[in-house]
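Structural features, examined
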2 protein chains.
Amino acid sequence: MMSTATIISQLKRSGDRLTENRLKLINILAATSQPLSVLELVKKNSSQPHKTTVYRELAFLLKNNLVEEIIFNDGIKRYEISSQHHHHLVCTNCKKISKIAAKKICHHAAAQLKKTGYIINNHSMEFFGICPKCQNK
Amino acid sequence: MMSTATIISQLKRSGDRLTENRLKLINILAATSQPLSVLELVKKNSSQPHKTTVYRELAFLLKNNLVEEIIFNDGIKRYEISSQHHHHLVCTNCKKISKIAAKKICHHAAAQLKKTGYIINNHSMEFFGICPKCQNK
DNA sequence: ATCCATGCAAATTTTTTGCATTTGT
DNA sequence: ACAAATGCAAAAAATTTGCATGGAT
């Protein structure tokens, strides 16, 4: 995962502003392992920025590849700090979202997909199940 | 993919009504290889059912496992007749959506995921790229 | 000072709900 | 006849846009 320091220096380098909202949003995203929705990002922010601002800020960070957007099967967009290629594992009981380093899985899928003749630029994979903790309840 | 005949006989067996909307919706879904959104399903229907009806009908068909719901990265829900386990390949240029028989890909992913200790009940995989036709333009 | 970011209101889009009416069996 | 399906209006939820103001450099 990109560190906040890396993100901030990248923003400085490209001449982008370091506003309070921007910095707080980055800190909140960096402080959690869970992808967060816009609503959650508003709530978690002590200075309660307007949701419009959060939407616009996320669009900015997305455009600069500093955050990634994921949509699970509830249709809500969630955001996380950019990091090495990975996928998600969601516990449908406690809702915890874990990352899965994707190398092995993707290599294999890529090989299969090559046969289609498509130039594959992107893909998403999400796995849903019950985490070990929830299995013991 | 389930045939419309199979679907209809299943509905009869379980005592569910064969309404005009229901039959038309099933026919529209069966006649295309593309997963369709609610809006598209309303437009494609010559008797122009109310969108509320389409939502409710899809919920009914979903509950009975006769259709499947997919969400791509635009966040819009799309529906298709249930069929053997598969994933989707989306051309980001012409928007065509193809099915990918998923057996080989999933076997491998499942083996990797077992190590997490989760009981995996479901997963989704979508691939995005440029189809052969669009590559030659 | 300039440009970008912000807040607010309002519009859009997708989906859901309540209720009275119609339709399938 | 009865239960389920339908249409309409309205509400809800997520997201986007316009515009005037405030803030970072």
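So, here is what we can say about the structure in this document. Model, not experiment: these values are computed from the prediction.

Quick look at the sheet that holds strand β2 (residues 67-71) of chain B now. Note on sheets: strands pair through backbone hydrogen bonds, and any given pair is parallel or antiparallel. Residue and element names in this part refer to chain B. Spatial ordering of the open sheet is given by β1-β3-β2, a layout of three strands whose pairing is antiparallel. One side of each edge strand has no neighbouring strand; the edge strands of this open sheet are β1 (36-37) and β2. Relative to strand β3 (residues 77-81), β1 is paired through two bridges, and the arrangement is antiparallel. Of the residues in β3, the one forming a bridge with L36 is Y79. Lying over the sheet, helix α2 (residues 20-30) contacts β1, β2 and β3, oriented at roughly 90° with respect to β3.

Once that is clear, we can look at helix α2 (residues 20-30) of chain A. Residue and element names in this part refer to chain A. Of the positions making up α2, those classed as buried are R22, L25, I26, I28 and L29. For α2, the buried positions fall inside an angular range of 160° around the axis, keeping them on one side. Looking at the buried residues of α2, the elements they touch are α1 (4-13), β1 (36-37), α3 (38-43), α4 (51-63), β2 (67-71) and β3 (77-81).

Below, the discussion takes up the side chain of A:S98. Positionally, A:S98 belongs in strand β5 (residues 97-101). A polar contact of 3.2 Å, which involves the side chain of A:S98, links it to the side chain of B:Y118. Excluding anything up to four places from it in sequence, A:S98 contacts A:H87, A:H88, A:L89 and B:Y118.

Time to look at the side chain of A:H86. All names here are of chain A. By the element assignment, H86 lies in strand β4 (residues 86-91). Exposure remark for H86: the relative accessible area of 9% places this residue in the buried category. A distance of 2.7 Å separates polar atoms of two side chains, one belonging to H86 and the other to E80. Engagement of the side chain of H86 in a polar contact is seen with the backbone oxygen of Q84, the distance being 2.7 Å. Once you skip the residues sitting within four places of it in the chain, H86 turns out to touch E68, E80, K99, I100, A101 and A102.

Right, let's talk about the protein's contact with DNA strand D for a bit. Around DNA strand D sit 18 residues in total, of which A:R17, A:Y55, B:R17, B:R22 and B:R56 are the nearest. Backbone sugar and phosphate groups make up 51% of those atoms of DNA strand D lying within 4 Å of the protein. One nitrogen or oxygen atom from the side chain of B:R17 is found 2.3 Å from a base nitrogen belonging to DNA strand D. Of all elements in the fold, only α4 of chain A together with α2 and α4 (51-63) of chain B reach the threshold of two or more residues within the surface near DNA strand D. Broken down by class, the residue content of the surface near DNA strand D amounts to four nonpolar, six polar and eight charged.

Calculation notes
- Residues numbered from 1 in each chain as written.
- Chains lettered and ligands numbered in written order.
- Predicted model: local features only at pLDDT ≥ 70, side-chain atom pairs only at ≥ 80, totals over all residues.
- Heavy atoms only, no water.
- Pairing = 2+ DSSP bridges.
- Helix = DSSP H or I, 4+ residues; strand = E, 2+ residues; numbered from the N terminus.
- Contact = heavy atoms within 4.5 Å.
- Axes fitted to C-alpha atoms, helices over the stretch in contact; angles between N-to-C directions.
- Buried < 20%, exposed > 50% of the residue type's maximum accessible area, 1.4 Å probe, protein only.
- Arc of directions from axis to C-beta.
- Polar contact = N/O pair within 3.5 Å; in protein donor to acceptor, adjacent residues only side chain to side chain.
- Near = heavy atom within 4 Å.
- Nonpolar A, V, L, I, M, F, W, Y, C, P; charged D, E, K, R; others polar.

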